[in-house]
Amino acid sequence: FQAEDGIRDVERSRGLGDVYKRQGKCRHCKEKVPIRYFIVEVSTALLFVIIYLIYGFGYEFLFYIILVALLLVTTFTDLEKGKIPNKVVLVGAGLGLYLSLIFWPLKFFNSLIGFLAGGGIMLFWALIGKLLFKKEGLGSGDIKLAAMIGIFLGIQNTLLALFLTFLIATVISLTFILSEKLRWDSKIPLAPFMALGTYISLLWGDQISECYFNMVR
């Protein structure tokens, strides 16, 4: 499959429905369009609808669909190429800070704290991992992505998102290792887990935090 032609095909066609009519084949090269295009479009539409149902149509909707789009891009890039694009993260961070300042000036400080907490926590674990295992466990892209997420979520939901990230990543990694589909030293892309943890925190973070605080009282 010629990726460039495939991307052009999706952009110029009448959505993925047109690709479906051609039995999933690219209009130009006649090869199968990778399933990831379908997954991206369906996931994006589903998440946009859920965010609309929770936050309504307003500033928060715009703010959070930008985060969703950024995480989808970084997830599939990390899965395919094993890296997180600097441009995507830096543009996302700048846009998040700008929108936070414009829409919610009183919450701007919370975005800054989330930025520092997200990046700081990941940097801490990266240093610990390098100290204990003598190799890089977390890449700079993971650290920057966590900092960007912190801008959009604020301190409380950022902490929850990172906790869920490591929890989900640990459970899934151990499952694959025990089933011998991965080795202990295999490198696992973290962006998909960070995206999943962020989505859960974004959509149900307040309810999860409330349940937790009720339990510890």
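Residues numbered from 1 in each chain as written. Predicted model: local features only at pLDDT ≥ 70, side-chain atom pairs only at ≥ 80, totals over all residues. Heavy atoms only, no water.

A. Seen up close, the overall build of the chain. Each helix and strand counted, the chain has 8 helices and 0 strands in total. Listing every helix and strand of the chain by position from the N terminus yields α-α-α-α-α-α-α-α. Looking at the chain as a whole, 41% of its 217 residues qualify as buried. Counting contacts in the chain only where the partners sit at least 6 residues apart, residues at least 24 apart contribute 67% of the total. About 13300 Å² of surface is accessible on the chain, with carbon and sulfur atoms providing 67% of the total. (Helix = DSSP H or I, 4+ residues; strand = E, 2+ residues; numbered from the N terminus. Buried < 20%, exposed > 50% of the residue type's maximum accessible area, 1.4 Å probe, protein only. Contact = heavy atoms within 4.5 Å. Areas by Shrake-Rupley, 256 points an atom, 1.4 Å probe, with all protein chains shown as cover.)

B. Geometry of the confidence of the model for the chain. When pLDDT is averaged along the chain, the result is 79, and 79% of the positions lie at 70 or above. The element-level mean pLDDT for the chain is lowest in helix α1 (residues 3-12), coming to 44, with helix α5 (residues 86-103) highest at 90. Note that residues 1-14 has pLDDT below 50 and, in this model, 32 contacts with residues that lie over four places away or in other chains. (pLDDT = per-residue confidence, 0-100.)

C. Here's a closer look at the packing of aromatic side chains. Across all of its chains, the model carries 9 aromatic pairs by this definition. Geometrically, the ring pair formed by Y52 and F61 is edge-to-face, given 6.2 Å between the ring centres and 85° between the ring planes. By relative accessible area, which is 42% here, Y52 ends up partly exposed. Seen from their ring centres, F124 and W125 are 5.3 Å apart, and the 75° between their planes marks the pair as edge-to-face. Overall, W125 belongs to the partly exposed group, its relative accessible area being 43%. (Phe/Tyr/Trp six-rings, centres within 6.5 Å; stacked < 30°, edge-to-face > 60°.)

D. Molecular detail of α5. Helix length check: α5, at 18 residues, gives a terminal C-alpha distance of 25 Å against a target of 26 Å (1.5 Å per residue), a fit within 8%. Among the residues making up α5, those that are buried are V88, V89, G92, A93, G96, L99, S100 and F103. Around the axis of α5, the buried residues are gathered within 145° of arc, so they sit on the same side. Projecting away from the buried face of α5 at angles above 90 degrees are the exposed residues K87, L90, V91 and Y98. (Expected span 1.5 Å × (residues − 1). Arc of directions from axis to C-beta.)

E. Region of interest: the nonpolar core. Within the largest apolar cluster, 45 residues are counted, with the highest numbers of intra-cluster contacts made by I51, L71, M122, L145, M148 and F152. Elements represented by at least two residues in this core include exactly α3 (35-55), α4 (59-81), α5, α6 (108-133), α7 (140-178) and α8 (191-216). Among the elements that line this core, the one with the most residues is α7, at 14 residues. (Core = buried A, V, L, I, M, F, W, Y, C linked by side-chain atoms within 4.5 Å.)

F. Representation of the packing of α4 against α8 within the structure. Relative orientation of the contacting elements α4 and α8 amounts to 160°, with a least axis distance of 8 Å. It follows that α4 is roughly antiparallel to α8 by the angle criterion. When the axes of α4 and α8 are compared, the crossing they make is left-handed. Within the contact between the two elements, α4 uses Y64, L67, V68, L71, L72, T74, T75, D78 and L79 and α8 uses A191, P192, A195, T198, Y199 and L202. (Axes fitted to C-alpha atoms, helices over the stretch in contact; angles between N-to-C directions. Parallel < 35°, antiparallel > 145°, perpendicular 65-115°, else oblique. Left-handed = near helix turned anticlockwise from the far one by under 90°.)

G. Broad picture of the environment of G120. Along the chain, G120 falls in helix α6. When the C-alpha atoms of G120 and A147 are compared, they prove to be 7.7 Å apart, with 27 residues separating the residues in sequence.

H. Looking closely at a nonpolar patch on the surface. Judged by side-chain polarity, V49, Y52, L53, I54 and F57 come together as a nonpolar surface patch covering roughly 570 Å² of accessible area. Mapped onto the fold, L53 is located in helix α3. (Patch = residues over 30% accessible without salt bridge, like charges linked within 9 Å, V, L, I, M, F, W, Y side chains within 5 Å. Salt bridge = Lys/Arg side-chain N within 4 Å of Asp/Glu carboxyl O.)

I. Here's a closer look at the side chain of S100. Here S100 shows up in helix α5. Leaving out residues up to four positions away in the same chain, S100 has contacts with F63, P105, K107, F108 and S111.

J. Geometry of α8. Under the 1.5 Å per step criterion, the end-to-end length of α8 is only 31 Å for 26 residues, more than 12% shorter than the ideal 38 Å. Most pronounced at W204, the bend in α8 amounts to some 80°. (Bend = angle between axes of the 7 residues up to and from the residue.)

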